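Listed below, chain by chain, are the residues.
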Amino acid sequence: MTTRNIPESEITCPAEALLKALTGKWKPQIFRLAFQGPLRFNTLLRQIDGSNKQSIAVALKEMEEQGILDKKVIQLKPLHIEYTLSAKGNSYIAVFRQLEGLM
């Protein structure tokens, strides 16, 4: 059996859109942590057991490109970057919690 690659614009089910967006090793964990507050890269490395810099960096970049996370450069010393849920990411929270309840 093969699966079709359906463009995101054609997905009508919120759960299907969320599952497609969070496909990846660390994306569900990053998403769960993001709705608790702003995220910093090193914090993610400490909080997600077994993760590494490259895999977290790739997941964050993909989630930002998908419009789930917003990246903000904080100009205070030391300079750092925070990731927060975007409006699209916030719209997925209710669906994510419903899916968690099924497990």
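Located above this text is the structure these notes cover.
The rules we used
Residues numbered from 1 in each chain as written. Predicted model: local features only at pLDDT ≥ 70, side-chain atom pairs only at ≥ 80, totals over all residues. Heavy atoms only, no water. Helix = DSSP H or I, 4+ residues; strand = E, 2+ residues; numbered from the N terminus. Polar contact = N/O pair within 3.5 Å; in protein donor to acceptor, adjacent residues only side chain to side chain. Contact = heavy atoms within 4.5 Å. Salt bridge = Lys/Arg side-chain N within 4 Å of Asp/Glu carboxyl O. Buried < 20%, exposed > 50% of the residue type's maximum accessible area, 1.4 Å probe, protein only. Arc of directions from axis to C-beta. Core = buried A, V, L, I, M, F, W, Y, C linked by side-chain atoms within 4.5 Å. Pairing = 2+ DSSP bridges. Patch = residues over 30% accessible without salt bridge, like charges linked within 9 Å, V, L, I, M, F, W, Y side chains within 5 Å. Areas by Shrake-Rupley, 256 points an atom, 1.4 Å probe, with all protein chains shown as cover.

S.K.: Tell me about the side chain of S86, residues and numbers included.
M.R.: Within the secondary structure layout, S86 lies in the loop between β2 (80–85) and α5 (87–91). There is a polar contact of 2.3 Å between the side chain of S86 and the backbone oxygen of G67. In contact with S86, other than residues within four places in its own chain, are G67, I68, L69 and D70.

S.K.: Run through the pattern of salt bridges, naming residues and quoting values.
M.R.: Taken as a whole, this structure holds two salt bridges when the rule is applied. In this structure, K27 and E62 form a salt bridge, with 2.8 Å as the shortest nitrogen-oxygen distance. Taken together, the residues span a long stretch of sequence, with K27 in helix α2 (residues 27–34) and E62 in helix α4 (residues 53–65) at a distance of 35 residues. On the basis of relative accessible area, E62 is assigned to the partly exposed category, the value being 33%. Across the salt bridge formed by E100 and R32, the nearest N and O atoms sit 2.6 Å from each other. Taken as a pair, E100 in helix α6 (residues 93–102) and R32 in helix α2 lie far apart in primary sequence, 68 residues in all. Looking at E100, the relative accessible area reads 31%, which means it is partly exposed.

S.K.: Pulling in residues and values, what's your account of helix α1 (residues 14–21)?
M.R.: Listing the buried residues of α1 in full gives A17, L18 and A21. Seen along its axis, α1 keeps its buried residues to an arc of 95 degrees; they face one direction.

S.K.: Tell me about the nonpolar core, and name the residues and values.
M.R.: Counting residues in each nonpolar core, the largest one holds 24 residues, and the members touching the most others are I30, F31, L44, I68 and L69. For I30, the residues in contact, after removing those within four places along its chain, are L39, L44, I48, I56, A59, L60, M63 and L69.

S.K.: Before we move on, could you go through the pairing of strand β1 (residues 69–74) and cite the residues and values that matter?
M.R.: As paired strands, β1 and β2 are joined by six bridges and run antiparallel to one another. By the bridge assignment for β2, K71 is matched with Y83. Where β1 hands over to β2, the hairpin turn is made up of five residues, counted between the paired strands.

S.K.: Which residues make up a nonpolar patch on the surface, and what are the values?
M.R.: Taken together, the side chains of V73, L79 and I81 define a hydrophobic patch exposed on the protein surface, amounting to about 250 Å² of accessible area. If you trace the backbone, I81 turns up in strand β2.

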